[in-house]
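In case you want the letters, here they are:
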Amino acid sequence: MDCTIRTWDLPSGCLVNCFLVAMAPVSVSFSPTGDFLATAHVDSLGVYLWTNKSLCGPVGLRPLPADYQPVEETLPGVTADVSEQDVTSEEADDAYQSAEQLGAELVTLSLLPESRWKSLLHLDNIKRRNKPATPPGAPAAAPFFLPTLPGLTPRFKAPTPTEQETQVQQLLLLPVSSCRLNVSLFTS
């Protein structure tokens, strides 16, 4: 594995672009539109995106010469130069300014507005108010898949009534003759 990323012109089989990176690539992939090249590298977290030069201007597909020396491209990162790591005396004198404290015996750890944390003082009252009056009940037993009838159009199979449901339906569907209403009271 070397640290080069090469672009080939497939119809001609020629190398048209090549560059070096600091760490060897372990995975390379073009975006479906060809706009970006995504690379992942050894000992590196993340994916690096490279833009296609042809989107920015005209690019020739002439093959690279045999004596071409690729240019090393730097990968973006958070490493600092040695000169940046030296702390000057001005930076060392800067002391951390904490937020305004609530009281002498308290420490303020948040810079959020007072309205966001003031309710924490009344958390017990809020929990008591929000406690449900009745505990949540178990949901009715429902099948994971609804039964369907065979055929081209999807139709659901009607659930079979239980014994208790049939008794309730029989009581509700009593014949009118068994109700014995005195109709004469309502007529004039």
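Preceding this section is the structure that the text describes.
Residues numbered from 1 in each chain as written. Predicted model: local features only at pLDDT ≥ 70, side-chain atom pairs only at ≥ 80, totals over all residues. Heavy atoms only, no water.

A. Representation of the overall build of the protein. Per the secondary structure count, the protein includes five helices and eight strands. Mapped in sequence order, the helices and strands of the protein form the string β-β-β-β-β-β-α-α-α-α-β-β-α. With 188 residues in all, the protein has 11% of them scored as buried. Counting contacts in the protein only where the partners sit at least 6 residues apart, residues at least 24 apart contribute 30% of the total. A total accessible area of about 17300 Å² is found for the protein, and carbon and sulfur atoms account for 60% of it. (Helix = DSSP H or I, 4+ residues; strand = E, 2+ residues; numbered from the N terminus. Buried < 20%, exposed > 50% of the residue type's maximum accessible area, 1.4 Å probe, protein only. Contact = heavy atoms within 4.5 Å. Areas by Shrake-Rupley, 256 points an atom, 1.4 Å probe, with all protein chains shown as cover.)

B. Spotlight on the pattern of salt bridges. Following the criterion strictly, the structure yields one salt bridge and no others. Between arginine 6 and aspartate 2 there is a salt bridge, and its shortest N-O distance comes to 3.0 Å. Here arginine 6 falls in the partly exposed class, since its relative accessible area comes to 42%. (Salt bridge = Lys/Arg side-chain N within 4 Å of Asp/Glu carboxyl O.)

C. Structural detail: the sheet that holds strand β4 (residues 36–41). Spatially, the three strands line up as an open sheet ordered β3-β4-β5, and their pairing is antiparallel. In this open sheet, the two edge strands, each paired with only one partner strand, are β3 (25–30) and β5 (48–51). Shown here is a sheet whose adjacent strand axes are inclined to one another by a mean of 25°, direction ignored. (Pairing = 2+ DSSP bridges. Axes fitted to C-alpha atoms, helices over the stretch in contact; angles between N-to-C directions.)

D. Region of interest: a nonpolar patch on the surface. Together, Phe36, Val47 and Leu49 give the surface a local cluster of nonpolar side chains, amounting to about 320 Å² of exposed area. By the secondary structure assignment, valine 47 is in the loop between β4 and β5. (Patch = residues over 30% accessible without salt bridge, like charges linked within 9 Å, V, L, I, M, F, W, Y side chains within 5 Å.)

E. Just the side chain of threonine 4, in detail. When you line up the elements, threonine 4 lands in strand β1 (residues 4–9). A distance of 2.8 Å separates a polar atom in the side chain of threonine 4 from a polar atom in the side chain of aspartate 2. When residues no more than four places from it in sequence are discounted, the contact partners of threonine 4 are Cys18, Phe19, Leu20 and Pro25. (Polar contact = N/O pair within 3.5 Å; in protein donor to acceptor, adjacent residues only side chain to side chain.)

F. Structural context of the environment of serine 44. Tracing the sequence through the fold places serine 44 in the loop between β4 and β5. In this structure serine 44 comes out as buried when scored by relative accessible area, which is 17%. The spatial distance from the C-alpha of serine 44 to the C-alpha of methionine 23 is 8.2 Å, given a sequence separation of 21 residues. At 3.0 Å, the side chain of serine 44 and the side chain of tyrosine 48 are in polar contact.

G. Structural context of the sheet that holds strand β2 (residues 14–20). One open sheet holds the three strands; their spatial order is β1-β2-β6, and the pairing between them is mixed. Of all strands in the sheet, those with a lone pairing partner are β1 and β6 (71–72), marking the two edges. Where β2 lies against β6, two bridges are found, and the strand directions are parallel. Counted as the bridge partner of phenylalanine 19 is valine 71 from β6.

H. View of the pairing of β1. The pairing of β1 with β2 spans six bridges and is classified as antiparallel. Bridge pairing in β2 links arginine 6 to cysteine 18. As consecutive antiparallel partners, β1 and β2 are separated by four residues, and within that stretch glycine 13 has a phi angle of approximately 75°, a positive value.

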